[in-house]
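# Summary of the model geometry
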Amino acid sequence: MYAPAPTEAQMAVLGVTEDDFANEAIEIWPENLQAYEVFNALATQWQFRPAGMALAPPTGLNYLAVETVLRLQRIRRAEWPQLFDDIRVMEQQALLTMCQE
């Protein structure tokens, strides 16, 4: 979701092409689907520190948007704490992936 696609040169080294991945499916377990849907709805809510003219890496999600998404998806309030924890786990992994050099 947040990793850049490999270049043609990188794929050539491994002897694969883009077509080799055309039908790749990613399974989301039912118990994780709701957290994934909330996380995906937050895709435009990444925060960045000012870095002058350079593109700075993201620093995390805008947590103020989380409640809005939870309400819009009509998720019961009792489920919010667990979903927030799940989203934070995905956020940390996404940050590691996006900030790899």
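See the structure printed just above.
Here's a quick rundown of the structure. All values derive from a computational prediction rather than experimental measurement. (Residues numbered from 1 in each chain as written. Predicted model: local features only at pLDDT ≥ 70, side-chain atom pairs only at ≥ 80, totals over all residues. Heavy atoms only, no water.)

### Digging into the packing of helix α3 (residues 64-72) against helix α4 (residues 80-98)
A pair of packed helices can be characterised by two numbers: the angle between their axes and the separation between those axes. Remark: α3 packs on α4, axes separated minimally by 12 Å, with the N-to-C direction vectors making an angle of 125 degrees. With respect to α4, the axis of α3 lies oblique. Seen from above, α3 lies across α4 with right-handed handedness. For the pair α3 and α4, the contacting residues are Val 66, Glu 67, Leu 70 and Arg 71 in the first and Trp 80, Leu 83, Phe 84 and Ile 87 in the second. (Axes fitted to C-alpha atoms, helices over the stretch in contact; angles between N-to-C directions. Helix = DSSP H or I, 4+ residues; strand = E, 2+ residues; numbered from the N terminus. Parallel < 35°, antiparallel > 145°, perpendicular 65-115°, else oblique. Left-handed = near helix turned anticlockwise from the far one by under 90°. Contact = heavy atoms within 4.5 Å.)

### Focus on α4
Its 19 residues give α4 an end-to-end C-alpha distance of 26 Å, which sits within 8% of 27 Å, the value for a rise of 1.5 Å per residue. The complete set of buried residues in α4 reads Trp 80, Leu 83, Ile 87, Glu 91, Ala 94 and Leu 95. The buried residues of α4 occupy an angular sector of 110 degrees when projected down its axis, which confines them to one face. When the buried face of α4 is taken as reference, the exposed residues oriented beyond 90 degrees from it are Pro 81, Val 89 and Leu 96. (Expected span 1.5 Å × (residues − 1). Buried < 20%, exposed > 50% of the residue type's maximum accessible area, 1.4 Å probe, protein only. Arc of directions from axis to C-beta.)

### Remarks on the packing of aromatic side chains
By the definition in use, this model includes two aromatic pairs. With a centroid separation of 6.3 Å and 85 degrees between ring planes, the pair formed by Phe 39 and Trp 46 is classed as edge-to-face. The residues Phe 39 and Trp 46 share a single accessibility class, namely buried. A centroid spacing of 5.0 Å and a plane angle of 75 degrees characterise the contact between Tyr 63 and Phe 84, whose relative ring orientation is edge-to-face. Of this pair, Tyr 63 sits in the loop between β2 (58-61) and α3 while Phe 84 sits in helix α4; the two residues are 21 residues apart in sequence, bridging distant segments of the chain. (Phe/Tyr/Trp six-rings, centres within 6.5 Å; stacked < 30°, edge-to-face > 60°.)

### Notes on helix α2 (residues 30-41)
With 12 residues, α2 should cover 16 Å at 1.5 Å per step; its first-to-last C-alpha distance of 17 Å lies within 8% of that length. Taken as a whole, α2 has its buried residues at Ala 35, Val 38 and Phe 39. Buried positions in α2, seen along its axis, are confined to an arc of 100 degrees and lie on one side of it. Among the structural elements, β1 (46-48), β2, α3 and α4 are those in contact with the buried residues of α2.

### Considering unusual backbone geometry
Glycine aside, the phi torsion of most residues is negative, and most peptide linkages are trans. One non-glycine residue, Arg 74, adopts positive backbone phi at about 55 degrees. Considering the arrangement of structural elements, one finds Arg 74 in the loop between α3 and α4.

### Points about the pattern of salt bridges
Following the criterion strictly, the structure yields two salt bridges and no others. Across the pair Arg 71 and Glu 67 runs a salt bridge, and its minimum N-O distance is 2.7 Å. Of this pair, Arg 71 and Glu 67 both sit in helix α3, four residues apart, roughly one helical turn. Taking the relative accessible area as the measure of exposure, Arg 71 reaches 47% and is therefore partly exposed. In this structure, Glu 79 engages Arg 76 in a salt bridge whose closest nitrogen and oxygen atoms are separated by 3.0 Å. Among the residues examined, Glu 79 registers a relative accessible area of 24% and is labelled partly exposed. (Salt bridge = Lys/Arg side-chain N within 4 Å of Asp/Glu carboxyl O.)

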